[in-house]
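A closer look at the structure
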Amino acid sequence: MVLPAARARGLVAAAKAAQRRRRVDSRGGSPSPEPASRRAAVYVHWPYCEKRCSYCNFNKYIPRGVEEAAMRNCLVTEVHTLLRLSGVRRVESVFFGGGTPSLASPHTVAAVLEAVAQSAHLPADSEVTLEANPTSAPASRLAEFGAAGVNRLSIGLQSLDDTELQLLGRTHSSSDALRTLAEARCLFPGRVSVDLMLGLPAQQVGPWLRQLQELLHHCDDHLSLYQLSLERGTALFAQVQQGALPAPDPELATEMYQEGRAMLQEAGFRQYEVSNFARNGALSTHNWTYWQCGQYLGIGPGAHGRFMLQGAEGHTREARIQTLEPDNWMKEVMLFGHGTRKRVPLGKLELLEEALAMGLRTDVGLTHQVRAKVLYTISSS
C-alpha cells in the first residue's frame, strides 16, 4: 500500500516524536516524586464525529470538513498554557476522548503528546488512552496510533446485536466490532477496554446476558457496563416520548446489571467502580485519577478540568470548562492561549462532597489517602 505523501510525512513525524519522548525519559530516569499539587492527568477532547448516535448528547459536531492543522495547533497551544498555569510538573496519564478521536490523525495525537512532554514530565510508561469506534479504526490505523504514543484503547462496542446497534445509530455491525477488538488486542495486549450498554428499549435480560457471555470469549482485561440514560434532545428520547419505542424498564435494567456483575466476577473481573471491571490489574489509571479526586486538565472544546491555579492568591482548586463550540474555542485559544469559558473556585464543602461522592463510586471507598489529599487542598486555600 502506498500512502499519500502528506500522510506519510505525518506518520514519520508522529513516530519520531514518540521516539524522542522515550529517549528523553530513558536518559533522564525517574525524577523525584512530585507532590499531588504538581501531578495531574490530561483529558483531550476531539469534538468531531461521522454521525450523531441516537442516544448521545455529548459535545460533538458533524462537520463538512475539519481544519485539522488548525485544531492540532490549538490543542498544542492549550496544553502548554494550562500546564504552565497549573504548575503541573508530572502528567500521570493522557486520555483522548470525544467525539470520535480515532478520526483524528496519528500526527495530531503525537503532537499533543509531545506538547505535554515539553511542558511537564510524561513518563514513557504513562497510560495514553484513545477512544475508538470500530468503523474508524482499522488495524493499520490502530498501529499508527500506537507508533504515535497511544498504548491503550477504549472501544465503543456498545452491543453485539445488529438490531440494537441500528437503534443506537451506530455505524458498525457486531462483526465489525469483534474484528476491531481482535485487531486491537493483537496490537495492545492487555490494554484494550470495551463498552457494553444495558437497559435499552425492549431489551430483555436473557439475550443481553448471552451478549455479555459472548463478549467474554473475545474481550481483554477491562470492560465497562453502562446503563442507557435517555437524554432530552436526543433522537432516542424523542422516539420514546412519542411512543414509537417503549420506555426502558428500570427493573429489567437492574436485573441485567446485577446478573452481569455476577458473571464478570465469576470470570475473574474486579468491579473497581460502579460501571468498570478489570482483571489482571488492568484498571484505567486515568479514570482512577478522577475517582480519587486527583487533578486533571481538560484540553479542547467543552473539556472539563479541576486543578489548582498556581501564582494566584492562595491555592484554591478550580473547576474549569472550556468553550463548547470548536470554532469559537479555536478563536479564543489563538487570542488568549486557552479557551476556558468558565472558572469556579471550589470551596471546602464542595471538595469534601466531591471526595465522598467519588469515593462511593469505587470499591475502596473514601480512603485515608484521598481524605489527606482533600484536607491538604483545603489547608492550602
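A short tour of the structure in this document, coming up. Nothing here was measured: the structure is a model prediction, and the numbers come from that model.

**Here's the deal with the overall build of the protein**
Within the protein, the regular secondary structure consists of 13 helices and 12 strands. A separation threshold of at least 6 residues defines the contact pool for the protein, and within that pool the share at least 24 residues apart is 74%. A total of about 17,300 Å² of accessible surface is found on the protein, and carbon and sulfur atoms cover 53% of it.

**Re the side chain of E332**
With respect to the helices, strands and loops of the structure, E332 is situated in helix α11 (residues 326-336). Classification of E332 by relative accessible area gives buried; the value is 15%. Within polar-contact distance, the side chain of E332 engages the side chain of T323 at 2.7 Å. Setting aside anything within four residues of it in sequence, one finds E332 in contact with T323, G337, H338, G339, T340 and R341.

**Some points on the pairing of strand β6 (residues 222-227)**
As paired strands, strand β5 (residues 192-198) and β6 are joined by six bridges and run parallel to one another. Each residue of the ladder has a partner; that of S193, found in β6, is H222. As a crossover connection, the stretch from β5 through helix α7 (residues 205-216) into β6 is right-handed. In terms of strand pairing, β6 meets strand β8 (residues 276-278) through three bridges, oriented antiparallel. The residue of β8 that forms the bridge with S224 is N276.

**Let's talk about the pattern of salt bridges**
According to the stated counting rule, one finds 12 salt bridges in the structure shown. The partner of R39 in a salt bridge is E92, and the shortest N-O contact between them spans 3.0 Å. On the criterion of sequence distance, the pair formed by R39 in strand β1 (residues 39-46) and E92 in strand β2 (residues 90-98) is long-range, its members being 53 residues apart. Accessibility expressed as a relative area gives 26% for E92, which makes it partly exposed. Of the charged contacts in the structure, one is a salt bridge between R361 and E273, with a shortest N-O distance of 2.5 Å. Placement of the pair is R361 in helix α12 (residues 348-361) and E273 in strand β7 (residues 270-273), with a sequence separation of 88 residues. On the basis of relative accessibility, which here comes to 34%, the residue R361 falls in the partly exposed class. The structure contains a network of salt bridges with shared partners spanning R39, R90 and E92.

**What about the state of the cysteines?**
Applying the stated criterion across every chain yields a total of zero disulfides. Here C49 stays free of any disulfide, with the sulfur of C56 as its closest cysteine sulfur at 6.6 Å. Looking at C53, it has no disulfide partner, and the nearest cysteine sulfur is the one in C56, 6.2 Å off.

**A closer look at the environment of V370**
Within the element layout of this structure, V370 appears in helix α13 (residues 368-380). A relative accessible area of 2% places V370 in the buried class. Separated by 12 residues in sequence, V370 and M358 place their C-alpha atoms 9.9 Å apart. Ignoring sequence-local partners within four residues, the contact set of V370 consists of Q292, C293 and A355.

**Side note on the packing of helix α4 (residues 139-148) against helix α6 (residues 174-187)**
Any two packed helices are characterised by the angle at which their axes cross and by the distance between the axes. One can describe the packing of α4 onto α6 by two numbers: an axis separation of 10 Å at closest approach and a directional angle of 35°. As for the relative orientation of α4 and α6, their crossing is right-handed in sense. Of α6, the residues touching α4 (which contributes A139, L142 and A143) are T180, E183, A184 and L187. Each residue belonging to the contact of α4 with α6 can be placed in one class, and the counts come to five nonpolar, one polar and one charged.

**So, the packing of aromatic side chains**
In the structure shown here, the tally under the stated rule is six aromatic pairs. A ring pair is formed by Y43 and F95, whose centres lie 6.2 Å apart and whose planes are at 20°; its orientation type is stacked. Placement of the pair is Y43 in strand β1 and F95 in strand β2, with a sequence separation of 52 residues. Side by side, Y43 and F95 carry an identical accessibility label, which is buried. For the pair Y290 and Y296, a centre-to-centre distance of 4.6 Å together with 65° between the ring planes defines the contact as edge-to-face. Exposure remark for Y290: the relative accessible area of 21% places this residue in the partly exposed category.

**What about the packing of helix α2 (residues 68-86) against α11?**
In contact at an axis separation of 10 Å, α2 and α11 are set at 50° when each is read in the N-to-C sense. The pairing of α2 with α11 is recorded here as oblique in orientation. Of the two possible hands of crossing, α2 and α11 adopt the one that is left-handed. Contacts between α2 and α11 involve A70, M71, C74, L75, T77 and E78 on the former and, on the latter, P326, W329, M330, V333 and M334. Along the lines of polarity and charge, the residues of the contact of α2 with α11 split into nine nonpolar, one polar and one charged.

**Details of a nonpolar patch on the surface**
A cluster of nonpolar residues, L356, L360 and L366, forms a patch on the protein surface that exposes about 290 Å² of accessible area. By secondary structure assignment, the location of L360 is in helix α12. On the accessibility criterion, L360 (66% relative accessible area) is exposed.

**Thoughts on the nonpolar core**
Counting residues in hydrophobic clusters, the biggest one holds 68 residues, and the most contacted among them are V91, V94, F96, L215, L223 and L225. Leaving out residues up to four positions away in the same chain, L223 has contacts with S193, V194, L212, L215, L264, F269, S275, N276 and F277. Listed in part, the 10 residues of the second largest apolar core include L168, M197, L236 and V240.

Procedures and definitions
- Residues numbered from 1 in each chain as written.
- Predicted model: local features only at pLDDT ≥ 70, side-chain atom pairs only at ≥ 80, totals over all residues.
- Heavy atoms only, no water.
- Helix = DSSP H or I, 4+ residues; strand = E, 2+ residues; numbered from the N terminus.
- Contact = heavy atoms within 4.5 Å.
- Areas by Shrake-Rupley, 256 points an atom, 1.4 Å probe, with all protein chains shown as cover.
- Buried < 20%, exposed > 50% of the residue type's maximum accessible area, 1.4 Å probe, protein only.
- Polar contact = N/O pair within 3.5 Å; in protein donor to acceptor, adjacent residues only side chain to side chain.
- Pairing = 2+ DSSP bridges.
- Right-handed = clockwise from strand over helix to strand, strands pointing away.
- Salt bridge = Lys/Arg side-chain N within 4 Å of Asp/Glu carboxyl O.
- Disulfide = S-S within 2.5 Å.
- Axes fitted to C-alpha atoms, helices over the stretch in contact; angles between N-to-C directions.
- Left-handed = near helix turned anticlockwise from the far one by under 90°.
- Nonpolar A, V, L, I, M, F, W, Y, C, P; charged D, E, K, R; others polar.
- Phe/Tyr/Trp six-rings, centres within 6.5 Å; stacked < 30°, edge-to-face > 60°.
- Parallel < 35°, antiparallel > 145°, perpendicular 65-115°, else oblique.
- Patch = residues over 30% accessible without salt bridge, like charges linked within 9 Å, V, L, I, M, F, W, Y side chains within 5 Å.
- Core = buried A, V, L, I, M, F, W, Y, C linked by side-chain atoms within 4.5 Å.

As far as function goes, none of this settles anything; it's purely spatial.
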